[in-house]
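Architecture at a glance
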Amino acid sequence: MADAEREVFVPSVEQGDGIVVGLGIFSTEKIAMSVLKDFLKRTEQMDLISAEMTRWVIDIIGHEGSNLLFRMANRRCPVCERNTFWIDLVSFNAMCYGSGCGAWIEDNIHIEEIIDCGWPPLRFLHQSPTVESAMTELGKMGARLKAAGQADSDLAAKAFLEEYGEEGSLTDDVLRKMGDPKLAD
Ligand SMILES: [Zn+2]
């Protein structure tokens, strides 16, 4: 215990008005991360522009005791078009925290040159060579969903699945989401 560095994890978010809000000081990165993720679910109701996680070693004076673990920026989601899409600025992994969405982009864990992206409500999965093309794929899907939402019919949803290939079964729940005007807006 005497030699061990004692470290703490501090998640924080920055609001549109420039005010940084600390979310607490936690003993493990895992807990700090779950606190931050919970908070990001409120992105829809709040004006947040960035989020970060800092590790601090205690009893060290000044910034040498701190280490920025990651920084995320908030962008417009390519699928639901709300400002709820959080991108890790180092790894470029991303996820939408908007309700009913959950669009994501992630490095493929097996093959380095592949970027995976997906949209859980339709079990949509796609592999792209770059983050940009993954964003484009999600954007195309967003446009399709919008069209399906505007048509507000099961047929539009089915046509969508036929075009993109059906990965899972089209459940009533998915159909309801497709017709949700909030998604189409
Ligand atoms: Zn979204």
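Nothing here was measured: the structure is a model prediction, and the numbers come from that model. (Residues numbered from 1 in each chain as written. Predicted model: local features only at pLDDT ≥ 70, side-chain atom pairs only at ≥ 80, totals over all residues.)

**Comments concerning the overall build of the chain**
Within the chain, the secondary structure is distributed over 5 helices and 9 strands. Seen in sequence order, the chain has helices and strands lined up from the N terminus as β-β-α-β-β-β-β-β-β-β-α-α-α-α. Counting every position in the chain, which comprises 185 residues, the buried fraction comes to 27%. Partitioning the contacts of the chain with sequence separation of at least 6, the portion at a separation of at least 24 is 37%. (Helix = DSSP H or I, 4+ residues; strand = E, 2+ residues; numbered from the N terminus. Buried ≥ 20, exposed ≤ 12 C-beta atoms within 10 Å, placed from the backbone. Contact = placed C-beta atoms within 7 Å.)

**Overview of the sheet that holds strand 2 (residues 20-22)**
The 9 strands lie next to each other as 2-1-3-4-5-6-7-8-9, forming an open sheet whose pairing is antiparallel. In this open sheet, the two edge strands, each paired with only one partner strand, are strand 2 and strand 9 (124-128). Averaged over all neighbouring strand pairs, the angle between strand axes comes to 20°, with direction disregarded. The pairing of strand 7 (residues 104-107) with strand 8 (residues 115-119) spans 4 bridges and is classified as antiparallel. Its bridge partner being in strand 8, Ile 105 is matched across the sheet by Cys 117. (Pairing = 2+ DSSP bridges. Axes fitted to C-alpha atoms, helices over the stretch in contact; angles between N-to-C directions.)

**Some thoughts on the nonpolar core**
The tendency in soluble globular proteins is for nonpolar side chains to be buried side by side. Residues Val 79, Trp 86, Cys 96, Ala 103 and Leu 138 are the most contacted members of the largest nonpolar core, which totals 33 residues. Elements that contribute at least two residues to this core include exactly strand 1 (7-15), helix 1 (29-40), strand 3 (48-57), strand 5 (85-88), strand 6 (94-96), strand 7, strand 8 and helix 2 (131-151). Per-element accounting of this core gives the leading share, 6 residues, to helix 2. Here this core spans two domains, and each of domain 1 (1-75) and domain 2 (92-185) adds at least three residues to it. If near-sequence neighbours (up to four positions away) are discounted, Val 79 is found in contact with Cys 96, Cys 101, Ala 103, Trp 119, Leu 138, Met 141, Gly 142 and Leu 145. (Core = buried A, V, L, I, M, F, W, Y, C linked by C-beta atoms within 7 Å. Domains from an automatic or database assignment.)

**A word on the environment of Val 90**
Note on placement: Val 90 falls in the loop between strand 5 and strand 6. The spatial distance from the C-alpha of Val 90 to the C-alpha of Met 72 is 8.3 Å, given a sequence separation of 18 residues.

**What about the confidence of the model for the chain?**
This prediction gives the chain a mean pLDDT of 84; 79% of its residues lie at or above 70. Of all secondary-structure elements in the chain, the lowest mean pLDDT belongs to helix 5 (residues 181-184), at 38, while strand 1 reaches the highest, 97. The low-confidence segment residues 167-185 (pLDDT under 50) makes 31 contacts with residues lying over four places distant or belonging to another chain. (pLDDT = per-residue confidence, 0-100.)

**Points about unusual backbone geometry**
Here the phi dihedral of Asp 59 falls at roughly 70°; this positive angle occurs in a residue that is not glycine. Counting through the fold element by element, Asp 59 comes out in the loop between strand 3 and strand 4 (66-75). Despite not being glycine, Arg 123 has its phi angle at roughly 50°, a positive value. Its place among the elements puts Arg 123 in the loop between strand 8 and strand 9. Residue classification places Arg 123 among the partly exposed residues on the basis of 15 C-beta atoms within 10 Å.

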